[in-house]
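Results of the structural survey
Take a look at the letters that make up each chain.
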Amino acid sequence: MKLPFKIAVRFLKSTKSQTVLIVLGIAVGVSVQIFIGSLIQGLQKSLINKTIGSSSQITITSKLPDNLIGNYKSVIDKVEKADSRIKNISPVLDNPALIKLENKTYSVLIRGVKIDDFDKIYNLKNNIYEGKFPANKFETLVGRDLKAELGLNLNDNIEIITNSGQVKKLKITGFYDLKVASINKSWLITNIKSAADMFSSGDKITGIEMQVSDVFKADEIADSLSKKIGKTVKVDNWKAQNASLLSGLSGQSASSIMIQVFVMISVVLGIASVLVVTVVQKSKQIGILKAMGIKDRQASFIFLFEGLLLGIMGAIIGVLIGIGLGYMFSKFVLNPDGTPLVELYIDYKFIILSSIVAVLSAVVASLIPAKGSSKLNPIEVIRNA
């Protein structure tokens, strides 16, 4: 194989401009693949992080008439042992209520939580922009939008009307901004003991929220979990509740794949057409080589090696260009606040796969001229030269 390889290198060197054009063609194809693929993957990651990255991905609620989960600590123990992919488990006690202010009422949701567990899911501590988390009973955090609408301030007392008609007072110790208007306008976050006293729920909760290591496996984990923790609770997951989001992500992935496929088809056709012309251009040299004893199989390998070398060079340059385009896009295409419109996402497996596909495409494209070269009759070639 050394001889066909050396001849392939010499052929490539003898037509440098042609070699450069083919390499650039492959590089453009690879760079487009990597840029579009990385862009769409980055967009999907960003979308997932913004929608469900800082929220519950699997939620356990009660099927009982009172909608409460008793002995919840044992349920959490079962959850922790059920699947190693489950993480960041947070018990919550949710109850609807009304805020009474100047003869007006506003619908809110009282969320009793354990701050350390809740923070692992919602990153609450970093989103408290004024004040602090409630340390004592009957204290609460209020969202930015609700604060603006009601004109609230730190240490204000607000009257809460529970679903049983009782009136309670909560002291505001801080304000949060979870970047979701519906949440900022409706959630009053307090400690779980305060919520239990307000709604007389004792040592019971309304739900258990959790996150998983692979968000796209949430439905699979939820199905497995529901079989292990009893029939008195219901297990929901984000995929079942966000069908439209999943449809959008699937559409993005499909369009990305289609673009990449057509790009590689155009690259393959371009390489094949140029190498076929090369067979005609080099027919005299191939005929002489065959007359000197080179076999048809070796003549074919000359062009296979050409395709391999062109593919490797094009893939390397294409990877560099693709990553460079992605980096430039993340630096120059920005949101109004200066953050990247789409974060740069580098998936090394995807880059390696794209490079391998490019090299294989170049080799496949060289099969046509390789087959043509094997059929050349050295006597006829030399006679017609």
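Notes on the structure follow. Predicted model, so just to flag it, every value in this text is computed and none were measured.

Cut-offs applied
- Residues numbered from 1 in each chain as written.
- Predicted model: local features only at pLDDT ≥ 70, side-chain atom pairs only at ≥ 80, totals over all residues.
- Heavy atoms only, no water.
- Helix = DSSP H or I, 4+ residues; strand = E, 2+ residues; numbered from the N terminus.
- Rg over C-alpha atoms; globule rule 2.2 N^0.38 Å.
- Buried < 20%, exposed > 50% of the residue type's maximum accessible area, 1.4 Å probe, protein only.
- Contact = heavy atoms within 4.5 Å.
- Lys, Arg positive; Asp, Glu negative; His and termini not counted.
- Charge placed at Lys NZ, Arg CZ, Asp CG, Glu CD.
- Pairing = 2+ DSSP bridges.
- Polar contact = N/O pair within 3.5 Å; in protein donor to acceptor, adjacent residues only side chain to side chain.
- Salt bridge = Lys/Arg side-chain N within 4 Å of Asp/Glu carboxyl O.
- Phe/Tyr/Trp six-rings, centres within 6.5 Å; stacked < 30°, edge-to-face > 60°.
- Lys NZ or Arg CZ within 6 Å of the ring centre and 35° of its normal.
- Axes fitted to C-alpha atoms, helices over the stretch in contact; angles between N-to-C directions.
- Parallel < 35°, antiparallel > 145°, perpendicular 65-115°, else oblique.
- Left-handed = near helix turned anticlockwise from the far one by under 90°.
- Nonpolar A, V, L, I, M, F, W, Y, C, P; charged D, E, K, R; others polar.
- Arc of directions from axis to C-beta.
- 1 Å grid on protein atoms, 1.4 Å probe; cavity = no way out; pocket = protein on both sides within 12 Å on 5 of 7 lines; lining within 4 Å.
- Points joined across faces, edges and corners; volume = space filled by probe spheres on them.

**Digging into the overall build of the chain**
The secondary structure content of the chain amounts to 15 helices and 10 strands. A globule of 385 residues ought to have a C-alpha radius of gyration of about 21 Å, yet the chain, at 32 Å, is considerably larger. Seen along its three principal axes, the alpha-carbon backbone of the chain occupies a region of about 105 × 45 × 30 Å. By the burial criterion, 44% of the 385 residues in the chain qualify as buried. A separation threshold of at least 6 residues defines the contact pool for the chain, and within that pool the share at least 24 residues apart is 77%. Placing the 46 positive and 30 negative side-chain charges of the chain at their respective mean positions leaves the two points 12 Å apart.

**Brief notes about the pairing of strand E1 (residues 58–62)**
Two faces make up the sheet, and in a regular strand the side chains alternate between them. Across the two faces of E1 the burial differs, with Ile 58, Ile 60 and Ser 62 buried and Thr 59 and Thr 61 not buried at all. Of the pairings in the sheet, the one linking E1 to strand E9 (residues 207–212) comprises four bridges and is antiparallel in character. Note on E9: the bridge partner recorded for Thr 61 is Gly 207. Pairing analysis gives five bridges linking E1 to strand E10 (residues 233–237), with the strands arranged antiparallel. The partner of Ile 58 across the bridge, within E10, is Asn 237.

**A word on the side chain of Asn 237**
Among the structural elements, Asn 237 can be located in strand E10. Under the relative-accessibility criterion, Asn 237 is labelled buried at 7%. At 3.0 Å, the side chain of Asn 237 forms a polar contact with the backbone nitrogen of Lys 239. Among the polar contacts listed, one links the side chain of Asn 237 to the backbone nitrogen of Ala 240, at a separation of 3.2 Å.

**Section: the pattern of salt bridges**
Enumeration over the complete set of coordinates arrives at 13 salt bridges. A salt bridge links Lys 147 to Glu 130; the nearest nitrogen and oxygen atoms lie 3.3 Å apart. On the criterion of sequence distance, the pair formed by Lys 147 in helix H5 (residues 144–150) and Glu 130 in strand E4 (residues 128–131) is long-range, its members being 17 residues apart. In this structure Glu 130 comes out as partly exposed when scored by relative accessible area, which is 28%.

**A short note on the packing of aromatic side chains**
Applying the stated rule across the entire model yields eight aromatic pairs. Where Tyr 122 meets Trp 187, the ring centres are 5.5 Å apart and the plane angle is 80°; that geometry is what we call edge-to-face. In this pair, Tyr 122 sits in helix H4 (residues 115–122) while Trp 187 sits in strand E8 (residues 187–191), placing the two residues 65 residues apart along the sequence. This pair shows no difference in class: Tyr 122 is buried, exactly as Trp 187 is. When the centroid spacing of 6.0 Å and the interplanar angle of 40° are considered together, the rings of Phe 301 and Phe 305 count as tilted. Here the residue Phe 301 and the residue Phe 305 both occupy positions in helix H12 (residues 296–332), the gap between them amounting to four residues, near one helical turn. Three or more aromatic residues link up through ring pairs in this structure, and these residues are Phe 5, Phe 301 and Phe 305. For the cation-ring pair, Arg 111 lies above Trp 187, with the distance from its terminal atom to the ring centre recorded as 4.4 Å. Stacked on the ring of Tyr 129, the Lys or Arg Arg 144 has its end atom at 4.1 Å from the ring centre.

**Some thoughts on the environment of Asn 123**
Inspection of the secondary structure assignment puts Asn 123 in the loop between H4 and E4. Classification of Asn 123 by relative accessible area gives partly exposed; the value is 31%. Here Asn 126 takes part through its side chain, which lies 2.9 Å from a polar atom of the side chain of Asn 123.

**So, the packing of helix H1 (residues 2–14) against H12**
When two helices pack together, you describe them by how their axes are tilted relative to each other and by the distance separating the axes. It is the contact of H1 with H12, at a shortest axis distance of 8 Å, that shows an interaxial angle of 55°. In terms of orientation, H1 and H12 fall into the oblique class. Remark: the crossing between H1 and H12 carries right-handed chirality. Facing Pro 4, Phe 5, Ile 7, Ala 8, Val 9, Phe 11 and Leu 12 of H1, the residues of H12 in contact are Gln 298, Phe 301, Ile 302, Phe 305, Glu 306, Leu 309 and Leu 310. Looking at the contact of H1 with H12, its residues break down into 12 nonpolar, one polar and one charged.

**Topic: helix H8 (residues 218–226)**
If you check which residues of H8 are buried, you get Ala 218, Ile 221, Ala 222 and Leu 225. Down the axis of H8, the buried set is contained in an arc of 100°. They therefore lie on one face.

**Looking at the side chain of Ser 55**
Its place among the elements puts Ser 55 in the loop between helix H2 (16–53) and E1. In contact with Ser 55, not counting residues within four places along its chain, are Ile 121, Tyr 122 and Gln 211.

**Focus on empty space enclosed by the protein**
Inspection of the entire model under this criterion finds three cavities of 30 Å³ or more. Here the largest cavity defines a volume of roughly 60 Å³. Forming the boundary of the largest cavity are Phe 35, Ser 38, Leu 39, Gly 326, Phe 329, Ser 330, Val 342, Glu 343, Leu 344 and Tyr 345. Those elements that place two or more of their residues in the lining of the largest cavity are H2 and H12.

**Remarks on the environment of Gly 230**
In this fold, Gly 230 is placed in the loop between H8 and E10. Along the backbone, Gly 230 and Lys 78 are 152 residues apart, and their C-alpha atoms lie at a distance of 9.8 Å.

**A short note on the environment of Leu 93**
Within the secondary structure layout, Leu 93 lies in strand E2 (residues 86–101). Using a relative accessible area of 1% as the deciding quantity, one classes Leu 93 as buried. For the pair Leu 93 and Tyr 176, spaced 83 residues apart in sequence, the C-alpha separation works out to 19 Å. The contact partners of Leu 93, leaving out residues within four places of it in the chain, are Leu 68, Ile 110, Arg 111, Gly 112, Ile 192, Ala 195, Ala 196, Ser 201, Lys 204, Ile 205 and Thr 206.

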